[in-house]
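Inside the fold
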Amino acid sequence: VTLTVSVVDQNGDGVGGTIVNAAWDGGTTEETTASNGRAFVDVPQGADVQLQVEDDTYVRTFPVTVNDATDEDVEITVAQQGEASIFVSDRNGALENVAVQLQSDGRVVDEGQTGEAGVFTTRSIEQQSYTLRLSKPGYLINETQLTVNAESQIRSVSMRSASVQITFRVVDSHFDTPQPIQGASVRVPDVGVSNTTDDGRVGFILGVNTEHGITLSKEGYQTKTRRIQVSEDEQTVSLVTRREQSVSVVATNRQVVVGESTVVSVTNAYDEPIAGADVTLDDETVGETDETGDLRLTIPTAGNHTIRAADGSVRSDGTTVVGVQVATETPMPTSTLDATPTDSPAATGNPPTTTTAVSLPGFTPVVAV
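No experiment lies behind these values; they were computed from the predicted model shown.

Brief notes about the packing of aromatic side chains
For the structure shown, the criterion picks out two aromatic pairs. Relative to tyrosine 270, the ring of phenylalanine 175 has its centre 5.6 Å away and its plane inclined at 85°; by these criteria the two rings are edge-to-face. A residue pair is termed long-range when its members are at least 10 positions apart, and phenylalanine 175 in the loop between β19 (163-172) and β20 (179-180) and tyrosine 270 in the loop between β29 (261-267) and β30 (278-281) qualify at 95 residues. Geometry around phenylalanine 62 places arginine 107 over its ring, the cationic atom sitting 3.7 Å from the centre. Just above the ring of tyrosine 270 sits the side chain of arginine 243; from NZ or CZ to the centre is 5.5 Å.

If you want it as structure tokens, here you go:
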């Protein structure tokens, strides 16, 4: 199909000698406009075609798009070329690395950064009014109007640095209503580190329009990092963490008679009971905790025994229970020699009678007695 392309200036007059570039998926072509500003461009039927112009005097900022091409007329409006240089400074002089954007109807026409001398020069753009937007970390954004005409011009613009209060609120997300964490460390690189107060808050003064990587840490809690964008207004940023996973096991009795039992309780990092935790005695599994996090186990032998618990891949430290062996007491046998006669001096209460030992033939002193 053939597109009849008319290139006109801002007054509607045809512009001759302009090159029209046509591009579509899989091909390109170009034609030059006649003195009346028209050119006939052959493109595939139904193609989506982008049309742009090249000229020494005129310029078109954005291409014209033709969807589902047919034999049709297309008008392209061009404007005379212009350019501008922008000099950016603060109270200390020229300001480099300032991001510069020229916008028209919300679309970016040209962009770049100021150099060491604080200057950015546009490419050849249409002569018209633009929104000039300047931004740099630590400085307030500056937006102003810039009119570009045929003569190259230098526009001076100043920027002002500023800071803003940023409050970090550190909370523990384990609870239904997140609880503040006191003593948590919040680090802002190249700025400093500070700890939260009892309400979980800590404040920093940061430059406006800056971006920072924040690190949150506290012993026993998961370390968290995140990036924040600082605007030109004060703000409160929530930093969320929770305790590191842990398992604790406690025995009701630290000394247990052999053959008797004790109850062990298994809890998590928040002292909450863990149901279904695996419990081992001397590295041998003896059972799982019930819904209250408890398990009763028997101590089989005397000596030290190590009890551990595990919840998934998280394993507790060991706790020691001592098995105690109780000795059995044996009664002394009773003998007639041990009995005290009823008529003995001790029984009657009479004083003992002294007998002289007599040596008899065939009798030993013991037998004689």
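What about the pattern of salt bridges?
Side chains bearing opposite charge may pair, as long as their charged atoms lie close to each other. Summed over all chains, the structure comprises six salt bridges. In this structure, the salt-bridge partner of arginine 227 is glutamate 211, at a minimum N-O distance of 3.0 Å. Placement of arginine 227 in strand β25 (residues 224-230) and of glutamate 211 in strand β24 (residues 210-217) is noted, with a sequence separation of 16 residues between them. A salt bridge links aspartate 283 to arginine 315; the shortest N-O distance between them is 3.5 Å. One end of the pair, aspartate 283, is in the loop between β30 and β31 (284-288); the other, arginine 315, is in strand β34 (residues 314-315), and 32 residues separate them in sequence. Accessibility expressed as a relative area gives 54% for aspartate 283, which makes it exposed.

Thoughts on the sheet that holds strand β2 (residues 19-24)
Judged by pairing direction, the sheet is antiparallel, and its four strands sit side by side in the order β3-β2-β5-β7 without closing on themselves. Looking at which strands have only one partner, the edges of the open sheet turn out to be β3 (27-32) and β7 (64-66). Neighbour to neighbour, the strand axes of the sheet diverge by 25° on average, direction disregarded. Where β2 and strand β5 (residues 49-54) come together, five bridges link them in antiparallel fashion. Looking at the pairing, alanine 23 lines up with glutamine 50 of β5.

Topic: the side chain of threonine 61
Mapped onto the fold, threonine 61 is located in the loop between β6 (58-59) and β7. In this structure threonine 61 comes out as buried when scored by relative accessible area, which is 13%. If we ignore the near neighbours within four places in the chain, the residues touching threonine 61 are Gln52, Val109, Arg123, Glu126 and Tyr130.

Section: the confidence of the model for the protein chain
Of the residues in the protein chain, 89% reach a pLDDT of 70 or more, and the chain-wide mean stands at 90. When the elements of the protein chain are averaged for pLDDT, helix α1 (residues 345-348) gives the smallest value, 47, and strand β21 (residues 185-188) the largest, 98. Note that pLDDT drops below 50 for residues 335-340; the model gives that stretch two contacts with residues more than four away or on any other chain.

Cut-offs and rules
Each chain carries its own residue numbering, running from 1 in the direction its sequence is written. Given that this is a predicted model, residues contribute local features only at a pLDDT of at least 70 and side-chain atom pairs are listed and counted only at 80 or more, while totals for whole chains, interfaces and linings are drawn from all residues. Side-chain descriptors were evaluated using all non-hydrogen atoms of the structure, hydrogens and water having been removed beforehand. Any two of the Phe, Tyr and Trp rings considered here, Trp counted by its six-membered ring, make a pair once their centres fall within 6.5 Å; the pair's planes then place it as stacked at under 30 degrees, edge-to-face at over 60, or tilted in between. In this text, helices come from DSSP runs of H or I with a minimum length of four residues, and strands from runs of E with a minimum of two, each type numbered from the N-terminal end. Distance and angle both matter: a charge sits over a ring if NZ of Lys or CZ of Arg is within 6 Å of the ring centre and within 35 degrees of the ring normal. Salt bridge criterion: a side-chain nitrogen from Lys or Arg within 4 Å of a carboxyl oxygen from Asp or Glu. Each residue is assigned to one of three classes by its accessible area relative to the maximum for its type, calculated with a 1.4 Å probe on protein chains only: buried under 20%, partly exposed between the two thresholds, exposed over 50%. Here, a strand pair is defined by DSSP locating no fewer than two bridges between the strands. Inter-axis angles, ranging from 0 to 180 degrees, are taken between N-to-C directions of lines fitted to C-alpha atoms, where helices are fitted over the stretch in contact. By definition in these notes, contact holds between two residues if any of their heavy atoms fall within 4.5 Å. For every residue, the predictor assigns a confidence score, pLDDT, that lies between 0 and 100.

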